[in-house]
2 protein chains.
Amino acid sequence: MRRLVARNKAGTEPRVPLSRERVLRAAVAIADEGGLRALTMRRLAEEVGAEAMSLYYHVANKDEVLDGIADAVVEEINEVVGRIDVPSRGDAWKAAVRRRILSAREVLLRHPWAPGVFESRTAMSPAVLRYHDGLIGLMRDGGFSNDLCHHALHALGSRALGFSQELFDPGSGGGDDTAALEGMAAELPHLVGMFMEVAHDDPDSTLGWCDDQTEFEFGLDVILDGLDRLRAQD
Amino acid sequence: MRRLVARNKAGTEPRVPLSRERVLRAAVAIADEGGLRALTMRRLAEEVGAEAMSLYYHVANKDEVLDGIADAVVEEINEVVGRIDVPSRGDAWKAAVRRRILSAREVLLRHPWAPGVFESRTAMSPAVLRYHDGLIGLMRDGGFSNDLCHHALHALGSRALGFSQELFDPGSGGGDDTAALEGMAAELPHLVGMFMEVAHDDPDSTLGWCDDQTEFEFGLDVILDGLDRLRAQD
DNA sequence: ACCTGAACACCGTTCAAGT
DNA sequence: ACCTGAACACCGTTCAAGT
């Protein structure tokens, strides 16, 4: 909407020169506001007060922009988790890891387009490596062997960065009714049965709709508890 | 490359008419062969021996094509897992779920573009619902409460369909050397330490490169074991 | 009913040219 | 050194027109 740098008439503003940094910041802003589809080179140029072709002086191509904004988000995560100061020795490892992952998730919730970008990248950027290095450090504090750390990273997968799926449109798909579900009971007996019971036990959940945060934490804890059991048996 | 229907000169071939079914099958073939980027409406038309605009008579737009091929893959999974006939009562639930998920994974390995498409869809297609209905059935056989089934689906997440990440370029990133890792030891002490040890214990792993299948199964088992413990405590 | 040609608005990107 | 205009090859999609 508003340009970061207004076209200066009669040179009132110092005319901040373009830079890779400024281009990437604008790209993040565009994606935050309008999603990944809104992020085009032409739109990005507009946001930054230049012509599309000027961007190519600071970034090689659009792929580099995508790499750049993915990296920027992980850097933001690293900053946030870097400020966490909790014990992690012995049994405390689990709470420390949990805290770190949930903090990463909070950052990600501000950039819901990020997981989609991560997926298409090799995900071996320095920032991602540093993030995982920190995670391994916490698990080592908990007495994990390096081998178990290695498996644990794979087990956590994208969950380590605070997401696994959904994260998107938290409010969508709301309007469905119990009646519609009952009509499907013949083909999907188990699924309908499950949802009917869950909805009955928790009536204010707009039927079958779930608290993403709760579910995320449940899945996370299942894995963490499993790893904790493995660590105990050396 | 080769057209499914050759342009018939002098009407030698019966000229199979276009159909949504045929369009989607061709779309899957293109994505299998050249990845998602290769799947354009124009390329799809070529593959099917027609002009791009003809496609719009059978599908509303490209989004419907993407929905269609995502659905086609899940249908293929449903066919495969539908032929599985193993016990699932009581303790057997875990082996049955494991088998089902690993079978789904085999299908997915033939369509490595599929996870990327799933992510952008709402993933509530009839085929996906049927797949999860079957999963719930197995867990119910194992004595899961509906509530635990519900949590379990969230915990498994995309792993239920046989993937979580990677799955892509299984051979990439090979050439790195131990020396490069040692150079990063100052910034990434835990990560480098872990990889050095893992590489030492398993020298033929091209350093730090992992058997995706093994890691997938490890992560899967961590979660399954965790759920098993929850089920035991009612 | 099914298919197509021409056309539109939009991409990412190049290249030679401006300051 | 930094930015730009014109242009290219490619998208998805529309619409009126063909059979």
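Residues numbered from 1 in each chain as written. Chains lettered and ligands numbered in written order. Predicted model: local features only at pLDDT ≥ 70, side-chain atom pairs only at ≥ 80, totals over all residues. Heavy atoms only, no water.

With that out of the way, let us pick up the protein's contact with DNA strand C. As a matter of local geometry, DNA strand C sits amid 15 residues, with M41(A), R42(A), K62(A), S54(B) and H58(B) nearest to it. Counting only atoms of DNA strand C within 4 Å of the protein, the fraction found in sugar and phosphate groups is 56%. Take K62(A): an N or O atom from its main chain is 2.8 Å from a phosphate oxygen of DNA strand C. One of the backbone N or O atoms of L18(B) is found 3.3 Å from a phosphate oxygen in DNA strand C. Elements with a contribution of two residues or more to the surface near DNA strand C: helix 2 (41–47) of chain A together with helix 3 (52–55) of chain B. (Near = heavy atom within 4 Å. Polar contact = N/O pair within 3.5 Å; in protein donor to acceptor, adjacent residues only side chain to side chain. Helix = DSSP H or I, 4+ residues; strand = E, 2+ residues; numbered from the N terminus.)

All names here are of chain B. All chains considered together, the criterion is met by 28 salt bridges over all chains. Taking the shortest distance from any N to any O, the salt bridge between D225 and K94 comes out at 2.6 Å. With D225 in helix 11 (residues 212–232) and K94 in helix 5 (residues 93–109), this residue pair connects regions lying 131 residues apart in the sequence. Between K94 and D228 there is a salt bridge; the shortest N-O distance is 3.7 Å. Residue K94 is located in helix 5, and its partner D228 is located in helix 11; the two are separated by 134 residues in the primary sequence. We classify D228 as partly exposed; its relative accessible area is 21%. (Salt bridge = Lys/Arg side-chain N within 4 Å of Asp/Glu carboxyl O. Buried < 20%, exposed > 50% of the residue type's maximum accessible area, 1.4 Å probe, protein only.)

Let us look at the relation of the copies chain A and chain B. With an RMSD of 0.0 Å, chain A superimposes on chain B once it is rotated by 180° and translated 0.0 Å along the axis. Such a combination of turn and shift is consistent with a two-fold rotation axis. (Least-squares fit on C-alpha atoms with pLDDT ≥ 70 in both.)

With 47 residues of chain A at the interface, the matching set in chain B holds 47 residues. Across the chain A/chain B interface, buried area totals approximately 4,400 Å², and carbon plus sulfur atoms make up 64% of it. Counting across the chain A and chain B interface gives zero salt bridges. Applying the counting criterion to the chain A and chain B interface returns ten residue pairs in polar contact (both at pLDDT 80 or more). When residues of the side of chain A that touches chain B are traced back to their parent elements, those giving at least two are helix 6 (114–120), helix 7 (126–141), helix 8 (146–156), helix 10 (189–201) and helix 11 (212–232) of chain A. Grouping the amino acids of the side of chain A that touches chain B by side-chain chemistry returns 23 nonpolar, 13 polar and eleven charged. (Contact = heavy atoms within 4.5 Å. Buried area = accessible area lost by both parts, 1.4 Å probe. Nonpolar A, V, L, I, M, F, W, Y, C, P; charged D, E, K, R; others polar.)

With that settled, the discussion passes to the UniProt feature "DNA-binding region" (unreviewed entry) in chain A. Feature annotation in UniProt places "DNA-binding region" (unreviewed entry) on residues 40–59 of chain A, given in this structure's numbering. From the first C-alpha to the last, residues 40–59 of chain A spans 13 Å; its make-up is 55% helix and 0% strand. (UniProt positions renumbered as here; feature names shortened; annotations may be inferred.)

As a further point, take the packing of aromatic side chains. For any pair of aromatic rings, the description consists of the separation of the ring centres together with the inter-plane angle of the planes. All names here are of chain A. What the rule picks out here adds up to four aromatic pairs over all chains. A ring pair is formed by W93 and F144, whose centres lie 4.7 Å apart and whose planes are at 65°; its orientation type is edge-to-face. In this pair, W93 sits in helix 5 (residues 93–109) while F144 sits in the loop between helix 7 and helix 8, placing the two residues 51 residues apart along the sequence. F144 carries the same exposure label as W93, and that label is buried. The ring of F216 is capped by R105, whose NZ or CZ atom sits 4.2 Å from the centre of that ring. (Phe/Tyr/Trp six-rings, centres within 6.5 Å; stacked < 30°, edge-to-face > 60°. Lys NZ or Arg CZ within 6 Å of the ring centre and 35° of its normal.)

Turning our eyes to something else, we now look at the UniProt feature "domain: HTH tetR-type" (unreviewed entry) in chain A. Within this structure's numbering, the places UniProt gives as "domain: HTH tetR-type" (unreviewed entry) are residues 17–77 of chain A. Split by type, residues 17–77 of chain A is 69% helix and 0% strand. Its first and last C-alpha atoms lie 28 Å apart.

Quick look at helix 1 (residues 20–34) of chain B now. Residue and element names in this part refer to chain B. In a regular helix each residue adds 1.5 Å, so 15 residues correspond to 21 Å; helix 1 covers 21 Å between its end C-alpha atoms and thus fits that length. Three or more residues of helix 1 are buried, namely R22, V23, L24, A26, A27, V28, I30 and A31. Looking at the packing, one finds that the buried side of helix 1 touches helix 2 (41–47), helix 3 and helix 4 (62–82). A positive backbone phi angle near 85° is found at G35, which sits one or two residues after helix 1. (Expected span 1.5 Å × (residues − 1).)

As a further point, take the protein's contact with DNA strand D. The local shell around DNA strand D holds 15 residues, among which S54(A), H58(A), M41(B), R42(B) and K62(B) are the closest. Sugar and phosphate atoms constitute 57% of the interface atoms of DNA strand D, taking the interface as everything within 4 Å of the protein. Within the backbone of L18(A), a nitrogen or oxygen atom sits 3.3 Å from a phosphate oxygen of DNA strand D. K62(B) has a polar backbone atom sitting 2.8 Å from a phosphate oxygen of DNA strand D. If you list the elements that add at least two residues to the surface near DNA strand D, you get helix 3 (52–55) of chain A together with helix 2 of chain B.

Let us now look at helix 8 of chain A. With ten of eleven residues buried, helix 8 of chain A is to be regarded as a mostly interior element. All of the buried residues in helix 8 of chain A are N146(A), L148(A), C149(A), H150(A), H151(A), A152(A), L153(A), H154(A), A155(A) and L156(A). Buried residues belonging to helix 8 of chain A abut helix 5, helix 7 and helix 11 of chain A together with helix 10 (189–201) and helix 11 of chain B.

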